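# Architecture at a glance
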Amino acid sequence: MAFSPKIRKYLVFFLIIGWAASLSCIVWRSRKQNQPRQEPAQLYRNNRLLMGTFWEVISPDKEASSIVFLEAERIENLLSKYILNSEISRLNRTGRLSLSPDTFYIIKKAKEFWQDSDGAFDITVAPLVDIWGFSSQRYRVPDEGLIKTTLKLVGCDKIILHEENNVVEFKFPGMKIDLGAIGKGFAVDRAVNKLKENNIDNCLINAGGQIYALGEKSGSPWKIAIQNPSKPEISATLELKDKSASTSGDYEQFFFEDGKRYCHIIDPKTGYPVTSEISSVTVIADSGLEADALSTAIFVLGKKRGEELLKKFPQATAKIL
């Protein structure tokens, strides 16, 4: 087929453009292949037993773990009911105490979660936890009369906050509080704040299933596995960046008596361990404190009422199994 001189000029022009593009592509690929590959940053891993569970810290910054552990230990010495001189232990013994700002803050937040959850989340269940033997690990089923008597000491409305001097007061003798369902989340948050103060932007904290993913892992979100509560396998994975995740379940601590299974999470309304249609709840939230408290509250409430509670916290999501 013959082409006019004008068409031939256009064909030559486009042919030259095509050759140039192909040459550029070859050069670009050659340069890319010759560039050294970026290796993932070295990650430092450290473990320590704190707050009754193993903490693991993973970060490209070597100093991250020591910062996290030091802050977690500080919070444990304030909040643990198992440490004789902690503020919580002294408050439980005396019924009235002037507290540090951190301890006062977490008790105040606990009262707010109690109100939001219609009493499902309640730090005053400590006497109930004691009579069931979960504090001492000498498990037993208490008689119904003892449970009814102990229930009179339960309810965050019986905690009086004096904000002008950070004093917390109990209305009735014998009341106690247990921050086990919110303390780890709070400690993780405080540790993350310390990391940021030290200009550490990437770190994963795992406090026995209470997780905070700060920043990224080698440019990608941190990947977290959720264990299947009924089988030794992974039920789901999460990708987190600057988020916390907390899991509550009936498989963590329990005992059998007369063929019946009793888990460690107590329903503050009945005084008995929760008998829920769900096995575990994983909540993802902006803070560890919120994720920790909500996972417990949803487990107590059950799936339907738990989903209603979540509507009050639009930044939080939950995986219920």
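This report concerns the structure included in the present document.

Definitions and cut-offs
- Residues numbered from 1 in each chain as written.
- Predicted model: local features only at pLDDT ≥ 70, side-chain atom pairs only at ≥ 80, totals over all residues.
- Heavy atoms only, no water.
- Pairing = 2+ DSSP bridges.
- Helix = DSSP H or I, 4+ residues; strand = E, 2+ residues; numbered from the N terminus.
- Axes fitted to C-alpha atoms, helices over the stretch in contact; angles between N-to-C directions.
- Contact = heavy atoms within 4.5 Å.
- Phe/Tyr/Trp six-rings, centres within 6.5 Å; stacked < 30°, edge-to-face > 60°.
- Buried < 20%, exposed > 50% of the residue type's maximum accessible area, 1.4 Å probe, protein only.

## Focus on the sheet that holds strand S4 (residues 159-162)
- The sheet built from three strands is open, its strands ordered S3-S5-S4 with antiparallel pairing. This sheet does not close on itself; its edge strands, each paired only once, are strand S3 (96-98) and S4. Taken over all neighbouring pairs, the strand axes of this sheet differ in orientation by 15° on average, direction set aside.
- Relative to strand S5 (residues 167-170), S4 runs antiparallel, the two sharing four bridges. Bridged to Leu 161 within S5 is Val 168.
- The sheet contacts of helix H3 (residues 87-94) involve S3 and S5, and relative to S3 the element is tilted by about 145°.

## Details of the environment of Ser 276
- Here Ser 276 shows up in the loop between strand S12 (260-263) and strand S13 (280-285).
- With 25 residues separating them in the primary sequence, Ser 276 and Leu 301 have C-alpha atoms 8.0 Å apart.
- Residue contacts for Ser 276: discarding those within four places in its chain leaves Phe 299 and Gly 302.

## Topic: the packing of aromatic side chains
- As enumerated under the stated definition, the model contains ten aromatic pairs in all.
- Ring geometry for Phe 113 against Phe 121: centres 6.1 Å apart, planes inclined by 65°, an arrangement best described as edge-to-face. Each member of the pair Phe 113 and Phe 121 is classed as buried.
- Relative to Tyr 262, the ring of Phe 255 has its centre 5.2 Å away and its plane inclined at 25°; by these criteria the two rings are stacked.
- One aromatic cluster is present, formed by Trp 132, Phe 134, Tyr 139, Phe 255, Tyr 262 and Tyr 272 through successive ring pairs.

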